[in-house]
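Each chain is listed here by its residues.
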Amino acid sequence: TVLLSNAGSTSAAVTIAFTRDDGTPLQVNFPDLGPGNRFSLTLKPGSTRILQTDGSGDGSAGAATISSTVPVGVSTIISGLDSSGALLSESGAGSSDTASAYTIPVDSTGGLNTGVALYNPGTTAAALTFTLFDVNGAKLETAMSVLAPGAHLARSVAGDLFADIS
């Protein structure tokens, strides 16, 4: 589900492009827009639009790049359903600006395992360094990765991004 809002006084011409982790096109189907990996729409001033896929994709992880002629608010909700349509899990994310460093609180206690997702909108590879600190600020582990141009990375913190953390 992608939520778009235009709080401005001018219509927004919005384009949404979906890519897999490796940067190749990711096909989704919005019942009111049809199938594809790239969609264009107009968002009137003061309006909100909710786009929800029909869930028929292949389940690949990926990213959405949203461009607009005026600033718009963007949020996403990723839902996991079982074969009967019952909700198994749900997470949300807002849009973020491109930056060279982020601090993200994570939790891997009591059955929780925070997920981290990053996207490289650039035209060159990005070298990533992940550093995990405990609640007292002591460094626990460091991991490195390279994110190709247009590629996406989604990992659980414990056991995936940091293999030695359970």
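Residues numbered from 1 in each chain as written. Predicted model: local features only at pLDDT ≥ 70, side-chain atom pairs only at ≥ 80, totals over all residues. Heavy atoms only, no water.

J.: Any chance you could explain the pattern of salt bridges here in plain terms?
T.: Pairing is possible between side chains that carry opposite charge, provided their charged atoms lie close to one another. Counted according to the given criterion, the structure contains one salt bridge. With its nearest N and O atoms 2.9 Å apart, the salt bridge here joins arginine 49 to aspartate 32. With arginine 49 in strand 6 (residues 48–51) and aspartate 32 in the loop between strand 3 (28–30) and strand 4 (34–36), this residue pair connects regions lying 17 residues apart in the sequence. For arginine 49, a relative accessible area of 23% translates into the label partly exposed. (Salt bridge = Lys/Arg side-chain N within 4 Å of Asp/Glu carboxyl O. Helix = DSSP H or I, 4+ residues; strand = E, 2+ residues; numbered from the N terminus. Buried < 20%, exposed > 50% of the residue type's maximum accessible area, 1.4 Å probe, protein only.)

J.: Would you mind showing me how to read the packing of aromatic side chains here?
T.: Two descriptors summarise a pair of aromatic rings, namely the distance from one centre to the other and the angle between the planes of the rings. Under the counting rule described, the total for this entry stands at three aromatic pairs. Plain terms: the ring middles of phenylalanine 18 and phenylalanine 30 are 5.9 Å apart, the flat faces sit at 50° to each other, and that makes the pair tilted. Taken together, the residues phenylalanine 18 in strand 2 (residues 12–20) and phenylalanine 30 in strand 3 connect sequence positions 12 residues apart. Overall, the relative accessible area of 9% leaves phenylalanine 18 in the buried class. In this structure phenylalanine 30 comes out as buried when scored by relative accessible area, which is 1%. Considering the side-chain rings of phenylalanine 30 and phenylalanine 39, the 5.0 Å spacing of their centres and the 75° angle between planes classify their relative orientation as edge-to-face. An identical accessibility class is assigned to phenylalanine 30 and phenylalanine 39; each is buried. Chaining the aromatic ring pairs together yields one cluster made of Phe18, Phe30 and Phe39. (Phe/Tyr/Trp six-rings, centres within 6.5 Å; stacked < 30°, edge-to-face > 60°.)

J.: What's the story with the environment of aspartate 164 in this structure? I'm lost.
T.: Following the sequence through the fold, aspartate 164 ends up in the segment after strand 13 (152–156). Note on aspartate 164: relative accessible area 67%, which makes it exposed.

J.: How should I be thinking about the nonpolar core in this particular structure?
T.: Buried together is how nonpolar side chains tend to be arranged in soluble globular proteins. In terms of nonpolar packing, the biggest core is built from 16 residues, with Leu4, Val14, Ile16, Phe18, Leu41, Leu43 and Leu51 touching the most fellow members. Going through the elements one at a time, strand 1 (2–5), strand 2, strand 3 and strand 5 (38–43) are the ones with two or more residues in this core. Per-element accounting of this core gives the leading share, four residues, to strand 2. Phenylalanine 18 has contacts with Val2, Thr24, Pro25, Leu26, Val28, Phe30, Asn37, Phe39, Ala63 and Ala64, leaving out every residue within four places of it along the chain. Membership of the second largest hydrophobic core comes to 14 residues, among which are Leu128, Leu153, Leu161 and Phe162. (Core = buried A, V, L, I, M, F, W, Y, C linked by side-chain atoms within 4.5 Å. Contact = heavy atoms within 4.5 Å.)

J.: Explanation requested: a nonpolar patch on the surface in the structure shown.
T.: On the surface, Tyr102, Ile104 and Val106 cluster together into a nonpolar patch covering about 270 Å² of accessible area. The residue valine 106 is located in the loop between strand 9 (87–94) and strand 10 (115–119) in this model. (Patch = residues over 30% accessible without salt bridge, like charges linked within 9 Å, V, L, I, M, F, W, Y side chains within 5 Å. Areas by Shrake-Rupley, 256 points an atom, 1.4 Å probe, with all protein chains shown as cover.)

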